[in-house]
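Chain by chain, the residues:
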Amino acid sequence: MDSKWDELERWVEGQKLPKGFDVLREPDWVEQFVRKMMTKALPEAAGAIAEQASPYSFSQSEQFIIVKFPLPAHVRSEELRLWVKEDRLRVEGLPGNRKELIKLPVGVRPRVCRAIVKDGELRVKLRKRPVGRKYYEADIRWQE
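Residues numbered from 1 in each chain as written. Predicted model: local features only at pLDDT ≥ 70, side-chain atom pairs only at ≥ 80, totals over all residues. Heavy atoms only, no water.

The name an unreviewed UniProt entry gives the protein chain is CS domain-containing protein, with Paenibacillus sp. BIHB 4019 as the organism.

The structure is reproduced here in structure tokens:
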């Protein structure tokens, strides 16, 4: 069953937004907006959330990024699922039907991924999406 966030994300992707509202398609913008509102409304709670260290870690090479995520006890291999998007990982099947959303520091190619569980830790190796360094000429139309 999809979460309400997944439903909202699909709905926004399907909308034909007017110019300037494309920012709503960016999940980071929504996340930053919500954090800013929560910080203004509840500054003590926002400080406590910011102090919590994330349970996962990243390491990078020129072509790859590796994400290490310690798994809680009693994770069942037949229930654990990993979903990869260009900018995020979603780990499902955690105890208590919990999901973990991991924002990646760089863009990746979702189909080029290797994942392994070793010593109670999920290790995910992803190929970075190359940054376009070459300029391509675009056609320009003239209207009179």
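**A few points about the pattern of salt bridges**
Where we set the bar: Take a side-chain nitrogen of Lys or Arg and a carboxyl oxygen of Asp or Glu: if they are within 4 Å of each other, that pair is a salt bridge.
In total, this model carries six salt bridges according to the counting rule given. For the salt bridge of Asp-87 with Arg-88, the shortest nitrogen-to-oxygen distance reads 3.7 Å. Here the salt bridges do not stand alone but share partners, grouping Arg-76, Glu-78 and Glu-79 into one network.

**Section: a nonpolar patch on the surface**
Threshold: Here, patches come from residues exposed beyond 30% relative accessible area and free of salt bridges, joined within 9 Å for like charges and within 5 Å for nonpolar side chains (Val, Leu, Ile, Met, Phe, Trp, Tyr). Values of accessible area rely on a 1.4 Å probe in the Shrake-Rupley scheme; residue burial ignores everything except the protein chains shown. Secondary structure elements follow DSSP: runs of H or I no shorter than four residues count as helices, runs of E no shorter than two count as strands, and numbering proceeds from the N terminus.
Taken together, the side chains of Phe-33, Val-34, Met-37, Met-38 and Leu-42 define a hydrophobic patch exposed on the protein surface, amounting to about 450 Å² of accessible area. Examined against the element boundaries, Phe-33 turns out to sit in helix α2 (residues 27-41).

**Concerning the environment of Pro-70**
In plain terms, the rule: Each residue gets one of three labels from its accessible area relative to the maximum for its type: buried under 20%, exposed over 50%, partly exposed in between, using a 1.4 Å probe on protein chains only. The criterion used for residue contact is that any of the two residues' heavy atoms lie within 4.5 Å.
Position of Pro-70 among the secondary structure elements: in strand β2 (residues 64-70). Among the residues examined, Pro-70 registers a relative accessible area of 39% and is labelled partly exposed. Separated by 50 residues in sequence, Pro-70 and Gly-120 have C-alpha atoms that sit 6.2 Å apart. Once residues within four sequence positions are removed from consideration, Pro-70 is found in contact with Pro-55, Tyr-56, Gly-120 and Glu-121.

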